[in-house]
Amino acid sequence: MRNALGKDTHLSRDITTYTESIGESGPIIEKADTPAKPKKTRDKIIDLLHQNPKLSATALAAEIDISAKSIQRHLANLKAEGILHRIGPDKGGQWRIND
């Protein structure tokens, strides 16, 4: 019998029957070591602001190596989500991270 994707629906049952017949409880699947995923830009921004809440968008852009415009977009999204809050003026103020 085939399902909508054209795959044999009895294959799983056949595999289970076979593995039980040879004394195994199920198919052995070894996981390969997967490399760690790189951090997202927003996570990098938050980490940098934890270290120094007085960083400007330009300084963040230089640290992360993306454009200042992209940093401003990420900061706007983080503020809209309530994760970041700016205390004080653009020059001389600092970021507060809401946990």
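Reading the values: the criteria
- Residues numbered from 1 in each chain as written.
- Predicted model: local features only at pLDDT ≥ 70, side-chain atom pairs only at ≥ 80, totals over all residues.
- Heavy atoms only, no water.
- Axes fitted to C-alpha atoms, helices over the stretch in contact; angles between N-to-C directions.
- Helix = DSSP H or I, 4+ residues; strand = E, 2+ residues; numbered from the N terminus.
- Parallel < 35°, antiparallel > 145°, perpendicular 65-115°, else oblique.
- Contact = heavy atoms within 4.5 Å.
- Nonpolar A, V, L, I, M, F, W, Y, C, P; charged D, E, K, R; others polar.
- pLDDT = per-residue confidence, 0-100.
- Buried < 20%, exposed > 50% of the residue type's maximum accessible area, 1.4 Å probe, protein only.
- Pairing = 2+ DSSP bridges.

Another aspect to go through is the packing of helix α2 (residues 41-51) against helix α4 (residues 68-80). One way to put it is that α2 packs onto α4 with a least axis distance of 10 Å and a crossing angle of 80°. Judged by the inter-axis angle, α2 sits roughly perpendicular to α4. Counting all contacts with α2, which are made through T41, R42, I45, I46 and L49, the residues of α4 involved are I71, H74, L75 and L78. Residue composition of the contact of α2 with α4, grouped by class: six nonpolar, two polar and one charged.

Moving on, we come to the confidence of the model for the chain. As a note on interpretation, predicted positions should not be read in detail where pLDDT is low. Per-residue confidence for the chain averages 81 on the pLDDT scale, and 80% of its residues sit at or above 70. Confidence, read as mean pLDDT per element, is least for helix α1 (residues 11-21) in the chain (74) and greatest for α4 (93).

This part covers the pairing of strand β1 (residues 84-87). Burial along β1 is one-sided: L84 and R86 are buried, and none of H85 and I87, which face the opposite way, are. Where β1 and strand β2 (residues 94-97) come together, four bridges link them in antiparallel fashion. When the sheet's bridge partners are listed, I87 is paired in β2 with Q94. Between β1 and β2, which pair antiparallel one after the other, the connecting turn spans six residues, and G88 there sits at a positive phi close to 90°.

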